[in-house]
Amino acid sequence: MPTLDHLIYGAGDLDAGIEALEAATGVRAAPGGSHPGRGTRNALCSLGEAYLEVMAPDPAQPGGPLADRFTRVDRPRLVSWVARTPDLDRTAALATAAGWDTEIASMSRATPDGTVLSWRLLFVHGHPGGRLVPFLIDWGTTPHPSASAPAGLELDWFRLESPAPGRLVEVLAALQIEAAVREGSDEALAARLRTPAGPVTLRGSAL
């Protein structure tokens, strides 16, 4: 069953996002690398079996739809999440059976030490669940980034907040994605972390 792979902490500038996260938690995210063709770059902190990804536009790449969305983030905050699936093709088949469109992409990036990470992504379109339905990732044989990212943060809980929680729950159930959902005034994400600075709750509207 797909579960949380990582949380995305978005920022208009990567250094600003790293600084904001360190100020809140006492842990500094380590540079991960650029996403070629996507116009973004990242830095990571481990959450145990998951991780927290600081993501921002990459000034070394041309802008694009994804990078432009992060440019509009007015302050560093949670903006999205990614679910990990052990069988991307099976999850895609579930989406197709529900009548939704799917898009699968293969990606890779080089870490600062030259290690190449490769993964596959699944995007599901045309569903009624809103912006909180995650895209899905399958790391294949690539070691999971949480194993090498800086430690010090632990995930206490993670939840999704939606003005239409019933529709969101139905879509997640159809894709067999496990996540806590509650009603809220906005499409938002919240996560409680145990940190060297004490308990910290990160929150933000979905991007």
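Residues numbered from 1 in each chain as written. Predicted model: local features only at pLDDT ≥ 70, side-chain atom pairs only at ≥ 80, totals over all residues. Heavy atoms only, no water.

Across all of its chains, the model carries 3 aromatic pairs by this definition. Between the aromatic rings of F123 and F135, the centroid separation amounts to 5.1 Å while the plane-to-plane angle is 35°, which identifies the pairing as tilted. Note that F123 is positioned in strand β7 (residues 116-125) and F135 in strand β8 (residues 135-138), a separation of 12 residues in sequence. Relative accessible area serves as the criterion here: at 15%, F123 is assigned to the buried category. (Phe/Tyr/Trp six-rings, centres within 6.5 Å; stacked < 30°, edge-to-face > 60°. Helix = DSSP H or I, 4+ residues; strand = E, 2+ residues; numbered from the N terminus. Buried < 20%, exposed > 50% of the residue type's maximum accessible area, 1.4 Å probe, protein only.)

As a further point, take unusual backbone geometry. Even without glycine at this site, Q176 takes up a positive phi of about 60°. If you trace the backbone, Q176 turns up in the loop between α4 (165-174) and β10 (180-183). A relative accessible area of 29% means that Q176 is categorised as partly exposed.

Pairing in this open sheet of 4 strands is mixed, and the strands run β10-β9-β11-β12 from one edge to the other. Among the strands making up the open sheet, the edge pair consists of β10 and β12 (198-205). Strand after strand, the sheet turns through a mean of 25° between neighbouring axes, direction not considered. (Pairing = 2+ DSSP bridges. Axes fitted to C-alpha atoms, helices over the stretch in contact; angles between N-to-C directions.)

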